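Descriptive analysis of the structure
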Amino acid sequence: MGTADTTRFRNGFTMELNKELWQIVKFQHVKPGKGGAFVRTTLRNVRTGRVVDRTFRAGEKVIEARVERRAHQYLYQDGFGMHFMNMEDFSQVMLPAEQVSKRKYLKEGGMIDILFHAQTEQPVLAELAKSVDLEVVRSDPGIKGDTATGATKTATLESGAEINVPLFVSQGDIVRVNTDTGDYITRVSAA
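Every value quoted in this text rests on a predicted model; they were computed, and no experiment measured them.

Our next topic: the pairing of strand β13 (residues 152–157). Bridge analysis of strand β12 (residues 131–139) against β13 gives three bridges, and the strand direction is antiparallel. Each bridged residue has a counterpart across the sheet, and for R138 the counterpart in β13 is T156. Relative to strand β14 (residues 162–166), β13 is paired through five bridges, and the arrangement is antiparallel. When the bridges of β14 are listed, T156 appears paired with E162. Adjacent in sequence and paired antiparallel, β13 and β14 are bridged by four residues, among which G160 carries a positive phi angle near 100°.

This paragraph deals with the environment of G150. Tracing the sequence through the fold places G150 in the loop between β12 and β13. Placed 15 residues apart in sequence, G150 and E135 show a C-alpha to C-alpha distance of 21 Å.

Spatially, the six strands line up as an open sheet ordered β1-β6-β2-β3-β4-β5, and their pairing is antiparallel. Two strands lie at the open edges of the sheet, namely β1 (2–5) and β5 (51–57), each paired on one side alone. The average undirected angle you get between the axes of adjacent strands in this sheet is 50°. Relative to β5, strand β4 (residues 38–45) runs antiparallel, the two being bridged by seven bridges. Across the sheet, T41 pairs through a bridge with R54, a residue of β5.

A positive phi is found at K19, a non-glycine position, where the angle reads about 65°. Phi angles above zero are rare outside glycine, and E121 is one such case at about 60°. Owing to a relative accessible area of 40%, E121 belongs among the partly exposed residues under this scheme.

Right, let's get into the packing of aromatic side chains. Under the criterion given, the structure shown has three aromatic pairs. Where F9 meets F13, the ring centres are 5.4 Å apart and the plane angle is 40°; that geometry is what we call tilted. A residue is classified by how much of its surface remains accessible, and F13, at 1% relative accessible area, is buried. Summarising the aromatic geometry, the rings of Y74 and F84 are spaced 5.6 Å apart at their centres and angled 45° between planes, so their arrangement reads as tilted. Of the two residues, Y74 is situated in strand β7 (residues 67–78) and F84 in strand β8 (residues 81–86); the sequence distance between them amounts to 10 residues. Residue Y74 shares its accessibility class with F84, and that shared class is buried. By the ring-pair criterion, three or more aromatic residues cluster together here, those being F9, F13 and F56. Between R70 and the ring centre of F116, over which it is positioned, the NZ or CZ distance is 4.3 Å.

The next thing to look at is the sheet that holds β12. By way of backbone hydrogen bonds, the strands of a sheet pair with one another, either parallel or antiparallel. On the basis of which strands lie adjacent, the open sheet formed by five strands has the order β14-β13-β12-β15-β16 and antiparallel pairing. In this open sheet, the two strands that pair with only one neighbour each are β14 and β16 (184–189). The average angle at which neighbouring strand axes cross in this sheet is 50°, direction not considered. The sheet contact formed by strand β15 (residues 174–178) and β16 spans four bridges and is antiparallel. Bridge assignment links I174 to a residue of β16, and that residue is S189.

Rules behind the numbers
- Residues numbered from 1 in each chain as written.
- Predicted model: local features only at pLDDT ≥ 70, side-chain atom pairs only at ≥ 80, totals over all residues.
- Heavy atoms only, no water.
- Pairing = 2+ DSSP bridges.
- Helix = DSSP H or I, 4+ residues; strand = E, 2+ residues; numbered from the N terminus.
- Axes fitted to C-alpha atoms, helices over the stretch in contact; angles between N-to-C directions.
- Buried < 20%, exposed > 50% of the residue type's maximum accessible area, 1.4 Å probe, protein only.
- Phe/Tyr/Trp six-rings, centres within 6.5 Å; stacked < 30°, edge-to-face > 60°.
- Lys NZ or Arg CZ within 6 Å of the ring centre and 35° of its normal.

Dropping the structure here:
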């Protein structure tokens, strides 16, 4: 771990504050008419996901934490947590479910990135891609002639998540889902 000052801030920059890892979600350098310049940031706790706003004086030193992103395959969940396998060396890692963001869109065998603290090699967070393709396992059939623009119905995906989809989507279709919002993006293939 090295030190860095506010000039190194960028989205995704990870730092250690009060023995916790925080990642910059957004930042803004501010130069007021009088007084010293400062940097306004929105930080996300890497482990818990909690978001806070924090202001730093321009040039203030922080402890930079290096995190490494590694691809893993989701294996299963049990009473201890969620189990993943590294696709390069086939080692396994377990994380508590609350450290796996957007887990309701993760299916067994699905791919996810796990962030590791580079100095300690401890896994700190698992992040799913911005969009995933999942099969619709349950959905009411669309009613013939019901073609109202923007009309939707509820569908259950293979991961167990429920989303709203257009009326033409049927059971067995593969749909793309935005994991940040839970919104339907498009139908990838029809059953």
